[in-house]
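Descriptive analysis of the structure
Listed below are the residues making up each chain.
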Amino acid sequence: MFLSVLFYLFALGTLVSALSVVTRKSPIAAAVSLVCCFFFLSALYAMLDAHFVAVTQVLVYAGAIMVLFIFVIMLLNLRGEGGLVRPTWAPRALAGLAAAGLVGTGIVTALTAVTAKLAAETSPEFGTIEQVGKTIFGGPYLLPFEVASVLLTVAMVGAVVLAKREL
Amino acid sequence: MDQIDLHIPLGLSAALFVIGMAGVLTRKNALIVLMSIELMLNGVNLAFVALARQSQSVDGHIFAIFVMAVAAAEAAVGLALIILLFRNKVTVELDDLNLLKG
Amino acid sequence: MLWLIPALPLLGVVLLGLGNRRLSRVVAGSLASGMVGLSALLSFATLAKVIATHQAVSQTAYKWMDVGPLDVNIGFHVDPLAAVMICVVTGVGFLIHVYAIGYMDEDKDAESCWRFFAYLNLFIFAMLLLVMADNFLLMFVGWEGVGLCSYLLIGFWFENEAFAAAGKKAFVTNRVGDFSFVLGLVWLFWALGDQATIDFVQLQGVLQANPALVGGVGGFAVTGICLLLFGGATGKSAQIPLFIWLPDAMAGPTPVSALIHAATMVTSGIYMICRLNFLFAMSPVAMGAIALTGALTALLAATIAITQNDIKKVLAYSTVSQLGYMFMGVGIGAYTAGFFHVLTHAFFKALLFLGAGAIIHALHHEQDMRKMGGLRRHMRGTYWCFVAAFLAIIGVPGFSGFFSKDEILWLTFATPPEQIALFGPGFPLPTILWGIGVVTAALTAFYMSRMMFMTFAGEFRGHHAPHEAPKLMLLPLVALAVLSVVGGLINLPHWLHMPAIEGGLHHFMAPVFAGAAVRFDGVDPSLEIPLMVGTLVLIGASVALAYQLYVKSPAKAAAFAERFPRLHHGSQNKWYVDELYEAAIIGPILKLSTQVLHKVVDVRIIDGLVNGVAQLTLGMGRYYSRFIHVGQIQAYALAIAVGTAVMVLVYTVGV
């Protein structure tokens, strides 16, 4: 019971902070809202027994990516601009919202077919780092894992090269 | 936890995705657009994790981790591009970037 | 091996084309003559076979097309009519080819002799197709082919603008006739409905079985079809109203005039009518129209010929006039007589032209008779051959022309009026036609005598002394002279009372014309001899008059002409027919074409439409690119989003 309420609370939090990201005028406010959203999401992951993913979410997303974002915002010394809609009835803005709305409708309609409830119990080592590690290194995900590491290296090199003052 | 419908995490995932899409299509500031993209990716992650719990297999988690890795790479390169852009045009507002016009 | 007969000249064309400038006059000429000669041998063999077996020889070489009711083969059907014709075409053609080797010895022609002989061979090929065809469409291919070769050969010396224009005139006039021919053919095909066929043998069967398909005897459809087909014949065979090209066609080399415009191409109209005798016999109105047109053309051409000074022009109008006789013959239904005149005319007219060519060649292309004279002493061989042809054409008894012309005249007189009821069954059209024929015979004798006297009698009035023609040119003349003399033997009239050898051609060709129900019993048969004698008297008088005017006292001729200046000038200027056509038809059409059709319809409307469409596309592109190529990333992202939305909706909601 208590857990369910907690779940709903975290979900609400995620939603509110996500909306906040998209509607803030100042980029810093948006970034901080996003951090908030990530924390709530991490909590949700933990409640869904995805322990490793929850930790990684905080470490990587909130701890690295968002830090990078905030660095850049401060580096470029950006001020805020108009919020979500500027001017209110700009056709493109409306079109964008309409498109998003349409997609949402579609997904929601698809969801009406889903009637199950969340699974009750999971095994104790479900979602732990040991099980995840065994599945990656013992299963067919070994190659993609290594490729992902190469990808990260490439991205790193690329970012450095792109941002240099003189080549 | 077994009183919670599967709708909730999946619906939240959809909501996150749609909100992120709205942000991508409407905001002027390039950085906020990037952040909205991250929001979309997170929505997908949530769906993966919830369904992984349903099917009792960690494959969904692994995929979520890969998504995070790719998001990190993409954020790095994207921010480098924005810095480059700012250096050349002293603006990160997408309305002003119209060299492709015509 | 029927297909070899037209194939050999075609092979000649190909070989000459491949050899082109490398072939000298003699080599090219010998090659061409050889091919035609071989064809001639095969033709005579075929004729012998037809005579022996009393049956037509047929061969289908190739299935051309089979589309619905239209089933066309490249097939040959040589019945007695065709057998005789191919012998004439290849035989006379061979003689003329040989003659041409000697004639075309000018320096300016040395490089283009191969082209000349190639065209000649092509002509023989087309003419053989026309004659041997077993269906309308193949005949039409040959029909068009001879028209094309006529154009090519008339305008052979095309550097001369006038000659090229003459070739063009011939072709265009022919084309008008061909249009009429095609209309007739299509109408016939359409009228026959699901019995439609263009094979001649089958056509005869269909029409005999149910003549009601074309309106029965004297019906509107069959009359219209016959008149349209005859329209094509007037173009090809130079009758009123499309005869204007033949005198101009004298611009071509004389062998061309001999072959095409005397012996073969111009007779294809008569051949066609003989071929389709069963169709024409069903329409008295059309037959009367044909006969009347022939007679009037004969008279008109004769009145022009009496004042011409160019030797080739005299012969040209003489050809038109004699063709008129042939049409009169087939018009009244005397198909054998008409065709007999085709044969004899081929001999003596080709001879006349080739002889004229020898004279022209000897005098270095002088064609004005006023500058000739006394040539009988300088060119003896040519002179005697000419005499043979002269006696034949004016109809002196014993020579070939007499038998054919006399038979036509008598049968015209003896036609029952309802057979050619153009103006109603009671109208004495046969008598009128006969009268026109007799007057024309007198005029023919007059102008031919005039020509003979001006050319051969008296003293030479020109500059260079002429020499006799070379052997190569003289031998064909002699051959044709012999034929002009003895050609009459193949169809002797019955009043000679020699039943063993009389009417040879008539009996031979009887199965071809069996389908046409014609009679010649309109008058008392005992009138035949008196009428013939009367005609001969008139002819003798004409010759005597010409002798008076052109040998005894030439000044009288000039004085006579002075007395009737308008008539004289009118006749000399061919009654201004060309000028009339120019003013009434050609001028307005040209004006319509340039002023209206080109300037307005072509340039403004059609071009405007096409350019307008292009401009419209450009404008639309320019307008819309303002909205699509904005250069803003989020616009492009929006496009992607909309696409995604549609896809999602389709997959989830099933829109």
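Below or above, wherever it landed, is the structure these notes cover. (Residues numbered from 1 in each chain as written. Chains lettered and ligands numbered in written order. Predicted model: local features only at pLDDT ≥ 70, side-chain atom pairs only at ≥ 80, totals over all residues. Heavy atoms only, no water.)

1. Observations regarding the overall build of chain A
Per the secondary structure count, chain A includes 6 helices and 0 strands. From first element to last, N terminus to C terminus, chain A shows the α and β order α-α-α-α-α-α. Here chain A holds 167 residues, and 38% of them are scored as buried. (Helix = DSSP H or I, 4+ residues; strand = E, 2+ residues; numbered from the N terminus. Buried < 20%, exposed > 50% of the residue type's maximum accessible area, 1.4 Å probe, protein only.)

2. Structural notes on the pattern of salt bridges
Residue and element names in this part refer to chain C. Scanning the model with the defined rule gives 9 salt bridges over all chains in all. As a salt-bridge pair, Asp178 and Arg175 come within 3.9 Å of each other at their nearest N and O atoms. A residue pair is termed a helical-turn pair when its members lie 3 or 4 positions apart in one helix, as Asp178 and Arg175 do in helix α6 (residues 161–191) at 3 residues. On the basis of relative accessibility, which here comes to 41%, the residue Arg175 falls in the partly exposed class. Each of Lys169, Asp248, Lys574 and Asp578 takes part in one network of salt bridges that share partners. (Salt bridge = Lys/Arg side-chain N within 4 Å of Asp/Glu carboxyl O.)

3. Points about the layout of surface pockets
Residue and element names in this part refer to chain C. What the largest pocket holds in volume is close to 910 Å³. What lines the largest pocket is a set of 30 residues, among which Ile306, Arg450, Tyr550, Ala557 and His568 lie closest to the centre. Breaking the lining of the largest pocket down by element, the ones donating at least two residues are α19 (429–456), α22 (528–552), α23 (554–563) and α24 (565–572). In terms of residue count, α19 provides more of the lining of the largest pocket than any other element does, 6 residues in total. Tallied by class, the residues present in the lining of the largest pocket amount to 19 nonpolar, 8 polar and 3 charged. (1 Å grid on protein atoms, 1.4 Å probe; cavity = no way out; pocket = protein on both sides within 12 Å on 5 of 7 lines; lining within 4 Å. Points joined across faces, edges and corners; volume = space filled by probe spheres on them. Nonpolar A, V, L, I, M, F, W, Y, C, P; charged D, E, K, R; others polar.)

4. Observations concerning the interface of chain C and chain B
Facing 10 residues of chain C, the contacting portion of chain B comprises 14 residues. Here chain C meets chain B over a buried area of about 940 Å², counting both sides, of which 56% is carbon and sulfur. Considering only the surface of chain C that becomes buried against chain B, Gly631, Gln632 and Gln634 of chain C emerge as the three largest contributors, covering 49% of it. Put simply, chain C and chain B have 0 salt bridges between them. Linking chain C with chain B are 2 residue pairs in polar contact (both at pLDDT 80 or more), by the criterion used here. Grouping the constituent residues of the side of chain C that touches chain B by class yields 6 nonpolar, 4 polar and no charged. (Contact = heavy atoms within 4.5 Å. Buried area = accessible area lost by both parts, 1.4 Å probe. Polar contact = N/O pair within 3.5 Å; in protein donor to acceptor, adjacent residues only side chain to side chain.)

5. Some thoughts on the nonpolar core
Counting 209 residues, the largest nonpolar core has Phe136, Val214, Met272, Leu276, Leu279 and Tyr335 of chain C as the members making the most contacts within it. In this structure, Tyr335 of chain C is in contact with Ile273, Cys274, Asn277, Phe280, Ala281, Met287, Gly329, Val330, Phe513 and Ala516 of chain C, ignoring residues within four places of it in sequence. Core analysis: the next-biggest nonpolar cluster, separate from the first, contains 73 residues, Val21 of chain A, Val24 and Leu34 of chain B together with Ala641 of chain C among them. (Core = buried A, V, L, I, M, F, W, Y, C linked by side-chain atoms within 4.5 Å.)

6. As for helix α6 (residues 142–163) of chain A
With 22 residues, α6 of chain A should reach 32 Å at 1.5 Å per residue; the first-to-last C-alpha distance of 32 Å fits that figure. For α6 of chain A, the set of buried residues is Ala148, Ala155 and Ala159 of chain A. When α6 of chain A is viewed along its axis, its buried side chains cluster within an angular range of 30° and face the same direction. Opposite the buried face of α6 of chain A, by more than 90 degrees, sit the exposed residues Leu143, Val154 and Val160 of chain A. Elements that come into contact with the buried residues of α6 of chain A comprise α3 (59–89) of chain B. (Expected span 1.5 Å × (residues − 1). Arc of directions from axis to C-beta.)

7. Some points on the interface of chain B and chain A
In this assembly, 71 residues from chain B lie in contact with 83 residues from chain A. Both faces considered, chain B and chain A share a buried interface measuring about 7,000 Å² in area, 75% of it formed by carbon and sulfur atoms. Linking chain B with chain A are 1 salt bridge, by the criterion used here. For the salt bridge of Arg53 of chain B with Asp49 of chain A, the shortest nitrogen-to-oxygen distance reads 2.9 Å.

8. Some points on the pairing of strand β2 (residues 70–78) of chain C
Residues and elements named next belong to chain C. The pairing of strand β1 (residues 57–67) with β2 spans 9 bridges and is classified as antiparallel. Paired with Lys63 across the strands is Asn73, a residue of β2. Between β1 and β2, which pair antiparallel and follow one another directly, the connecting turn spans 2 residues, one of which, Gly68, has a positive phi of 60°. (Pairing = 2+ DSSP bridges.)

9. Some thoughts on unusual backbone geometry
All names here are of chain C. At the junction of Ile240 and Pro241, the peptide bond is cis and its omega measures out at 0° in the coordinates. Relative to the helices and strands, Pro241 is located in the loop between α8 (220–236) and α9 (245–248). At His365, a residue that is not glycine, the phi angle is positive and equals roughly 65°. Structurally, the position occupied by His365 is in the loop between α15 (335–362) and α16 (375–378). Of the residues examined, His365 reaches a relative accessible area of 31% and is grouped as partly exposed.

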